[in-house]
Amino acid sequence: MASDHESRADAAYRHLLSYIEREDLPEGARLPSESEFVERLGLSRSSIRDALSRLRAEGRAVSRRGSGTFTARSAPAEMVRLSAIDSVQDLIQWHEVRVALESEVAALAAERRSEADLAKMRSAQNALMERLREGTGESEDAAFHEALAVAAQNPKLLDAVRALASHIFRWSRLSRERRILSLAERREIIEVEHGEIIAAIAERRPDLARQALRRHLLNGRARLLSSLKS
């Protein structure tokens, strides 16, 4: 089920990684702009944008408003090799991994979160809601889920959630391509479903947090699979 856009985005991601490694860029080094990468690599701006979003979600890069994108700390050691998503079955299998992983992350976050963790979750949710007024909010959505993983107080789980970020993007990209939800509809659903997750974590109710996260992910999968059958 791999699309041409996915292939170009993967190619852009590999080229950007190669550039960072070839230039041996230190942490905090400024990366070329999107337009500079487009000119250097001969790829589309949307592919470069997706690749940069993936680098940010993996913790390899960070954006600073008005300044550009900069290299961040090295990516965590690979825990599981993430195979390509080339079919609906691949998509379902990786989504099952995500459901299993993040449901437990949410439960642990409810048990272990600090007030600072809770504040970061709410801040990430507010940023996502604001972004969804005009854009897809991929990186903001990844930041919300990363905030949950931080609150679980387990660096290995945080690494695993970050490692799945590129697959999260593929999932949301396919949903957008099939026009399953408008931005307004997606914003309304995420406001409710993320809100339920935050509320359960705030109340320190692990079972409710686990259920809310699982329900959120399975609802998204159900919408996509339903569209594929139509």
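Reference entry: report on the structure contained in this document. (Residues numbered from 1 in each chain as written. Predicted model: local features only at pLDDT ≥ 70, side-chain atom pairs only at ≥ 80, totals over all residues. Heavy atoms only, no water.)

With respect to the overall build of the protein chain
Assigned secondary structure in the protein chain consists of 10 helices and 2 strands. For the protein chain, the succession of helices and strands along the chain, N to C, is α-α-α-β-β-α-α-α-α-α-α-α. Sequence separation of at least 24 residues holds for 74% of the intrachain contacts in the protein chain that already meet a minimum separation of 6. Only carbon and sulfur atoms are counted for the fraction: they give 48% of the accessible area of the protein chain, which is about 11,900 Å². (Helix = DSSP H or I, 4+ residues; strand = E, 2+ residues; numbered from the N terminus. Contact = heavy atoms within 4.5 Å. Areas by Shrake-Rupley, 256 points an atom, 1.4 Å probe, with all protein chains shown as cover.)

Some thoughts on the nonpolar core
By size, the foremost hydrophobic cluster in this structure holds 30 residues, and its most contacted members are Leu101, Val105, Met121, Leu148 and Ile201. Secondary structure elements with two or more residues in this core: helix 4 (88–112), helix 5 (115–131), helix 6 (138–151), helix 7 (155–163), helix 9 (183–202) and helix 10 (206–229). Listed in part, the 14 residues of the second largest apolar core include Ala12, Tyr13, Leu52 and Ala61. (Core = buried A, V, L, I, M, F, W, Y, C linked by side-chain atoms within 4.5 Å. Buried < 20%, exposed > 50% of the residue type's maximum accessible area, 1.4 Å probe, protein only.)

A look at the pairing of strand 2 (residues 68–71)
Remember that side chains alternate between the two faces of the sheet whenever the strand is regular. Both strand 1 (residues 61–64) and strand 2 contribute to a ladder of 4 bridges, which runs antiparallel. Note on strand 2: the bridge partner recorded for serine 63 is threonine 69. Between strand 1 and strand 2, which pair antiparallel and follow one another directly, the connecting turn spans 3 residues, one of which, glycine 66, has a positive phi of 80°. (Pairing = 2+ DSSP bridges.)

Topic: the side chain of histidine 194
Looking at the element boundaries, histidine 194 is found in helix 9. In terms of polar contacts, histidine 194 uses its side chain to reach the side chain of glutamine 125, at 2.8 Å. With near-sequence residues (within four places) excluded, histidine 194 lies in contact with Gln125, Leu128, Asp141, Phe144, His145 and His216. (Polar contact = N/O pair within 3.5 Å; in protein donor to acceptor, adjacent residues only side chain to side chain.)

Overview of the packing of helix 5 against helix 9
At their nearest, the axes of helix 5 and helix 9 sit 11 Å apart, and the two run at 175° to each other. When the axes of helix 5 and helix 9 are compared, the pair comes out roughly antiparallel. Where helix 5 abuts helix 9, its residues Leu118, Met121, Arg122, Gln125, Leu128 and Met129 lie against Arg187, Ile190, Glu191, His194, Gly195, Ile198, Ile201 and Ala202. Among the residues forming the contact of helix 5 with helix 9, the class breakdown is 8 nonpolar, 3 polar and 3 charged. (Axes fitted to C-alpha atoms, helices over the stretch in contact; angles between N-to-C directions. Parallel < 35°, antiparallel > 145°, perpendicular 65-115°, else oblique. Nonpolar A, V, L, I, M, F, W, Y, C, P; charged D, E, K, R; others polar.)

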